[in-house]
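Here is how the chains run, residue by residue.
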Amino acid sequence: MTSFNRSTSRRLKKLTQIPSVWEGDRRPLSSPNQFSDSEAKGECILWVDYSQGVVRGMDIVASDIGPEAIVRTLMQAMEHPQSPARPARPQRIVVKDREIQFYLRGVLQDLDIAIDYAPELPLIDELFRGFADILDSQTPDLPPQYAQILREKAFAIWQAAPWEFLEEQQILSIEINKWDVGTLYASVMGMLGMEYGILFYRSEESLKQFRAAVLTDQESTEHLEEAFLKQDCLFLTFESADEIDEDEDEEDDLADLPLSEIDPTFGNIHPLEGLRSVLYDEEALVILVAIESLSRFIRDHRRQLHEDIFPTLGRRYRISLPQSEESTKSVPVTVSTMPQLAAELEEMAGFDIDDQEIDNPDFQSLQDDLIPEDSFLSLGVVSWEILESLRKGVSYHQAGEIKQVGDGLPVILIQTSRPKAKTVIERIEATGGLRAICFNPGADPFDGDRYDLGLLQTQNGELFLFGEFLDEDPTHVEARKKWNQRCKNTKGYCGLIIAKGLTGASRGNPQLRDMMALFEARSLSPKDLGIGTLQLMPQLKFE
């Protein structure tokens, strides 16, 4: 049995011994009647002064922690008691657990404290009854009768992964017409690998107002928070089941985690209520029906939704309801795409102008003679501090006001010899500058390989190949993931750096003095570019 060392015993014996009786116990924190999905876990250790009627020490510990924990809490109760008690040593301790009694007798034998047993501890019993009443009165995050089925439907959505082919502005309407809900407007989050989930807006107006508010002032954190809380929607989001340490890499993608580590969260946002991570009965039924009908629609139209153009689709379903107080057995639901609303939201965000200029139906070939073949190429990031120095020291072409969010500006770095770098810069400037950077799918029909093609689009609409990356290359997959996440942070801004020094000491690691030009641009998705998968033709050029 572990015991105090002598110096600790001497220190505790110096405390004033008061003629008080202390009660001590350790009990499960949750009440037997508590809802099953409660987060209240572990055990509570209490030490109270029965004579004065005050709590001297309290701690919450895991259920598998040994009996040493009750001694640690007792030491706190003696040396650092909760206010208004003062440091002291009791004359007598009473517990209702024989094992705890014998354990304390062995540990405290040098402190002249009597350790007794009693079948009831009146003050502690009263305190724990109060704790149980509080826990029983708490509202669960989900109605217990719907909690399991809601989680099952949420995991079905996670595995369907609609964010792989639906962008946030590609809205789906879900017409329910029950529980005072007419139509919900579903916006899917997650295409850029940052936040995964679905927002179910109760009105088209609320959706548009939120988008407009965000676009009006993207610099003000307070403004964005206010706009967020003014939404009128139900939501399903996905998070890591384990708490993430703030020091861990914030760029880890939730999609890389196994299903067992994914945790769905449900809730409600309303201008008068704010954010609430609790669903009441009717809200739970509404979101249950919405998720199930959306899952079926994705299953039935997955191929069409993968197309570059957001199609016009609609389908009617009858969704069965779980057994409840509801007399209705099922609900008819109609799910439809909303291409016109998607176009309107893109226009609000300023995507339409770029898309009209970029989408070229007469596209015939992709030029591959801009970037020298022996160049060093990398996808990376330039910190905001270095970016400011770079802008002052090189030929610099600005794309717009870039919001400094994240670790820096995502950039494509191309290093070649000084003469070749100069030629590349002059050619880009001759086209009016760089408009966009895009990664577009490519395929080799002869050997079946699939590629991620790095493309530069200049202001005159020409496309230039700067890199060919195999889809299965893990290094490129990781670099692309970070590129997407950083571009989302900067609201689509990125850059191209042309550097010299390929044959010198800085080969593969150009310094600030080696960088000759910075072209800021927009990052485009393959859907934005609108040219489809490029095929490698016999003349060895993607066309």
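Residues numbered from 1 in each chain as written. Predicted model: local features only at pLDDT ≥ 70, side-chain atom pairs only at ≥ 80, totals over all residues. Heavy atoms only, no water.

> Now, about the overall build of the protein: what can you tell me, with residues and values included?
The number of helices and strands found in the protein is 14 helices and 22 strands. The 543 residues of the protein split such that 48% are buried. Of the roughly 27900 Å² of accessible surface on the protein, 47% is carried by carbon and sulfur atoms. (Helix = DSSP H or I, 4+ residues; strand = E, 2+ residues; numbered from the N terminus. Buried < 20%, exposed > 50% of the residue type's maximum accessible area, 1.4 Å probe, protein only. Areas by Shrake-Rupley, 256 points an atom, 1.4 Å probe, with all protein chains shown as cover.)

> Describe the sheet that holds strand β10 (residues 262–270), with residues and values.
Across the sheet, eight strands lie side by side as β11-β10-β9-β8-β7-β6-β13-β12; this open sheet has antiparallel pairing. Either end of the sheet is taken by a strand with one partner, and the two such strands are β11 (274–276) and β12 (314–320). For this sheet, the mean angle separating the axes of adjacent strands, direction not counted, is 25°. When strand β8 (residues 196–201) meets strand β9 (residues 233–240), the two strands line up antiparallel, connected through six bridges. Within β9, the residue paired with F200 across the bridge is L234. Here helix α5 (residues 144–160) sits on the sheet in contact with β8, β9 and β10, set at roughly 105° to β10. (Pairing = 2+ DSSP bridges. Axes fitted to C-alpha atoms, helices over the stretch in contact; angles between N-to-C directions. Contact = heavy atoms within 4.5 Å.)

> Describe the packing of aromatic side chains, listing the residues and the values that go with them.
All told, the structure shown has eight aromatic pairs when counted by the stated rule. Aromatic pair W158 and W163: ring centres 5.4 Å apart, planes at 50°, arrangement tilted. The pair W158 / W163 is uniform in exposure class, with both members buried. Ring geometry for F439 versus F469: centroids 6.4 Å apart, planes at 50°, classification tilted. (Phe/Tyr/Trp six-rings, centres within 6.5 Å; stacked < 30°, edge-to-face > 60°.)

> Let's hear about the side chain of H476: which residues, and what values?
On the secondary structure map, H476 appears in helix α13 (residues 474–489). Those residues in contact with H476 that sit more than four places away from it in its chain are L379, F439, D452, F469 and L470.

> If you had to explain the nonpolar core to someone new, which residues and values would you point to?
Within the largest apolar cluster, 52 residues are counted, with the highest numbers of intra-cluster contacts made by I174, I176, F200, F238 and F266. Looking at this core, the element that brings in the most residues is helix α8 (residues 281–305), giving twelve residues. Once residues within four sequence positions are removed from consideration, F266 is found in contact with L142, L150, R151, A154, F235, L236, S277, V278, L279, I287 and I291. Counting residues in hydrophobic clusters, the runner-up holds 26 residues, among them F4, I70, A77 and Y103. (Core = buried A, V, L, I, M, F, W, Y, C linked by side-chain atoms within 4.5 Å.)

> Run through the confidence of the model for the protein, naming residues and quoting values.
Overall, the prediction assigns the protein a mean pLDDT of 84, with 86% of residues at 70 or greater. Across the protein, the element-wise mean pLDDT spans from 41 in helix α10 (residues 351–358) up to 95 in strand β6 (residues 172–178). For the stretch residues 244–251, pLDDT sits under 50, and the model shows four contacts to residues farther than four places along the chain or on other chains. (pLDDT = per-residue confidence, 0-100.)

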